Amino acid sequence: MKDQYLKWLLIIPTVFVLMFWVIYPLLWSLGLSFYEYSIMGTFAVKPVFVGLENYLKVITDPSVWHNFKVTAEFIALAVSLEFLLGFGIAQLLYKEFRGRRIIITLILIPMMLAPIAVGVFYRFIYDSTFGIFTYMLSKVGIPEFRWYTYEWVIPCVALVDVWMWTPFMMLIILAGLTAVPTYLYEAAEIDRASWWMKFRYITLPTIKPLIGIALLFRTMDAFKLFDALFILTDGGPGNASEVISLRIYREAFQYFHTGFASALSYILLVIIIVLTNIYLRFLTRRPVMARVEREVEV
Amino acid sequence: MDKHVKRNLVKGVKYFLIAIITVVYVFPIYWLIVTSFKTRLDMFAMPPKWVFNPTLTNYLDVFVERRYGLTPTITEFPKFLFNSIFISLASVAIAVAFGTLAAYSFSRFELKGKDTWLFFILATRMLPPIAVLIPIYLMYRTLGFINTYHGLIFLYVMFNMAFAVWMTKGFFDEVPRELEEAAMVDGYSRMRAFMKATLPQALTGIAATAVFCLITSWNEFMFAYVTSGFDTRTVPVSLARIRGESGINWGIITASEVIYVLPVIIFTFLMQKYLLRGITFGTIRK
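Only a predicted model underlies this, so the values are computations on that prediction, with no experimental measurement involved. (Residues numbered from 1 in each chain as written. Chains lettered and ligands numbered in written order. Predicted model: local features only at pLDDT ≥ 70, side-chain atom pairs only at ≥ 80, totals over all residues. Heavy atoms only, no water.)

Chemist: Which residues make up the overall build of chain A, and what values go with them?
Modeler: Secondary structure summary: chain A contains 13 helices and 2 strands in total. If one aligns the C-alpha atoms of chain A with their principal axes, the spans along those axes are about 80 × 75 × 35 Å. Across the 298 residues that make up chain A, the buried fraction comes to 57%. Here the analysis covers contacts within chain A between residues at least 6 apart in sequence; of these, 70% occur between residues at least 24 apart. (Helix = DSSP H or I, 4+ residues; strand = E, 2+ residues; numbered from the N terminus. Buried < 20%, exposed > 50% of the residue type's maximum accessible area, 1.4 Å probe, protein only. Contact = heavy atoms within 4.5 Å.)

Structure representation (structure tokens):
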């Protein structure tokens, strides 16, 4: 067969899957977002076209604003902590020492685990009567700590996310650090440059784009927080930890407000698409990436 | 202070910090594993028991249900475990097969609008899954895909598609084109040259891609929860049933969790070389 046809034939299966399972559903839900409809379809309720009413409902609903606020709090807390810790840990693990590889691998395990599994075992750890977390806090002078409260639930959920995803930040920053050509440091050493000068003028410029990518990536992912939260808090107490994706799930599969849920998921989608575009713009700055593509031994 | 002493002090502090971080990281997993070997009494002991007599009862309970006065029966867990394994393996086989073909095409040929296609594929992975959950549920209900293996398998193929294309493309890019060109000069067709010359070179990379896809499928929860039924329920969905329960049987839960996460932990160790590539879709190379 001529390459002319072959090259398209090879990508057809992939494109078909993505069209049928992504594009088609997305168009469908865009349509649904303009209808008053319920998926409790056993009673065969006919969808009614309501135009932008669902979107108006979403925007004017104060509890949706609460969902966004909770999501924003979670993201701000989790991502900033992940960045600071990830950066610190990367600095510690940058230089070669015995057992470095094994320690890096151990630290990377959490992010490979299923969020649902992590949610389950953190429930065990957080438990107020026999949980080891509560026990340890009581040992350091915080007796009877209750995590499932209006004030503490988001920080505690963020903590789980920090445990899972700091390694991601660490790994990317580590890749950036190892990509800095060592001769630059050697030259700076000769000039008797201080630690800060080296960091400011050599390290930072190299890893800056990578930090950007890591932050964006985590922010995007944090918007999708669902599995672990579903098990850990189910949005509670009350709706204290009801993030945006959980709200969509509830509207769609518990209250059966299909149109409303579709409109809300479209708003979320637009936010993520904007973030994705920023992310992709970062990635396509090839010259920067080329430096990182050097073989790095982790 | 003596420069030498100072340097040693800095080093000491550094190793101390590294030790603490490692402990903090490993501890929750350690605690999970340890708990799964405890008796009910030891599990809830306050202060927590660090030393105890390990027991395998919890693991037995995961598989065999023993009620007083009744003959022991096999639990549902083996079925869920089978479902998880079967659905993950099948979806990965399809995703990697499709993805490899597409990746080869993207890597070797000039395609009209290639970058747009690649961006489109990557973008599908960035979308929040919840955005397509409702229409997929409706679509599946119409098509009768709810509670079927193929329904879940193809969902996971979709999840892994973008990743499979991007990762394997990276590996194909590293194999010199001359290899298959030489094979074609020898009279091989394009496809045979690909199978005989290029594919074997990229095989380790493809295997690594497959393992990452396997972990994604294995870990997926939301779609399985919404579209699977009793026959096709996967392990994460069965774990989710503890939600809101007050009298949770933590012995069984922790033991089944260990069974569920252990393969992933082992894979993480085997895959450490590819981790950075894996988690960034191969867009950042190590």
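Chemist: With reference to specific residues and values, describe the interface of chain A and chain B.
Modeler: Contacts between chain A and chain B engage 101 residues on the former and 100 residues on the latter. Both sides of the chain A and chain B interface together cover about 9,100 Å² of buried area, and 80% of this is carbon and sulfur. When the buried area of chain A at its contact with chain B is split by residue, Trp21, Met112 and Phe124 of chain A rank highest and sum to 9% of it. Summed over the shared surface of chain A and chain B, the number is 11 residue pairs in polar contact (both at pLDDT 80 or more). The element that contributes the greatest number of residues to the side of chain A that touches chain B is helix H1 (residues 3-32) of chain A, accounting for 22 residues. Partitioning the side of chain A that touches chain B into residue classes produces 76 nonpolar, 14 polar and 11 charged. (Buried area = accessible area lost by both parts, 1.4 Å probe. Polar contact = N/O pair within 3.5 Å; in protein donor to acceptor, adjacent residues only side chain to side chain. Nonpolar A, V, L, I, M, F, W, Y, C, P; charged D, E, K, R; others polar.)

Chemist: Residues and numbers for empty space enclosed by the protein, please.
Modeler: If you walk through the whole model with that rule in mind, you get 2 cavities of 30 Å³ or more. There is about 1,200 Å³ of room inside the largest cavity. Every residue lining the largest cavity is counted, 44 residues in all, and those nearest its centre are Pro115, Trp165 and Asp221 of chain A together with Arg125 and Thr216 of chain B. Tallying contributions element by element places helix H9 (residues 195-223) of chain A first for the lining of the largest cavity, with 5 residues. Among the residues forming the lining of the largest cavity, the class breakdown is 32 nonpolar, 5 polar and 7 charged. In this structure, the second largest cavity spans a volume of roughly 40 Å³. Forming the boundary of the second largest cavity are Val157, Val160, Asp161, Met164, Leu225, Ala228, Leu229 and Leu232 of chain A. Elements with a minimum of two residues in the lining of the second largest cavity: helix H7 (153-179) and helix H10 (227-232) of chain A. (1 Å grid on protein atoms, 1.4 Å probe; cavity = no way out; pocket = protein on both sides within 12 Å on 5 of 7 lines; lining within 4 Å. Points joined across faces, edges and corners; volume = space filled by probe spheres on them.)

Chemist: For the packing of aromatic side chains, give the residues involved together with the corresponding values.
Modeler: In the structure shown here, the tally under the stated rule is 56 aromatic pairs over all chains. Centre to centre, the rings of Phe86 of chain B and Tyr149 of chain B are 5.1 Å apart; their planes meet at 80°, and the pair counts as edge-to-face. Separated by 63 residues along the polypeptide, Phe86 of chain B in helix H4 (residues 77-108) and Tyr149 of chain B in helix H7 (residues 149-174) bring together distant segments of the chain. Look at Phe86 of chain B and you get partly exposed, because its relative accessible area is 36%. By relative accessible area, Tyr149 of chain B is classed as partly exposed at 28%. Taken together, the ring pairs connect Phe121, Tyr122, Tyr126, Phe133, Phe145, Trp147, Tyr148, Trp152 and Trp163 of chain A together with Tyr25 of chain B into an aromatic cluster. Sitting above the plane of the Tyr188 of chain B ring, Arg192 of chain B keeps its charged end 4.6 Å from the centroid. (Phe/Tyr/Trp six-rings, centres within 6.5 Å; stacked < 30°, edge-to-face > 60°. Lys NZ or Arg CZ within 6 Å of the ring centre and 35° of its normal.)

Chemist: Explain the layout of surface pockets to me, and be specific about the residues and the numbers.
Modeler: Reported here for the largest pocket is a volume of approximately 1,500 Å³. Sorting the residues of the lining of the largest pocket by element identifies helix H3 (62-93), H7, helix H8 (182-190) and H9 of chain A together with helix H1 (3-36) of chain B as the ones contributing at least two each. With 8 residues, the top contributor of residues to the lining of the largest pocket is H1 of chain B.

Chemist: Help me get a handle on the confidence of the model for chain A, residues and values and all.
Modeler: Residues and elements named next belong to chain A. When the pLDDT values of chain A are averaged, the result is 87; 93% of them are 70 or greater. The lowest-confidence element of chain A is helix H13 (residues 286-292), averaging 46 in pLDDT; the highest-confidence one is H3, averaging 95. A low-confidence stretch, residues 287-298 (pLDDT under 50), is modelled with 28 contacts involving residues beyond four sequence positions or located in other chains. (pLDDT = per-residue confidence, 0-100.)

Chemist: Can you explain helix H11 (residues 244-253) of chain A? Please cite residues and give values.
Modeler: Along H11 of chain A, 10 of the 10 residues are buried, which leaves the element largely enclosed by surrounding structure. For H11 of chain A, every residue scored as buried is listed here: Ile244, Ser245, Leu246, Arg247, Ile248, Tyr249, Arg250, Glu251, Ala252 and Phe253 of chain A. In this structure, the buried residues of H11 of chain A make contact with H3, H9, H10 and helix H12 (258-283) of chain A together with helix H6 (130-143) and helix H10 (222-227) of chain B.

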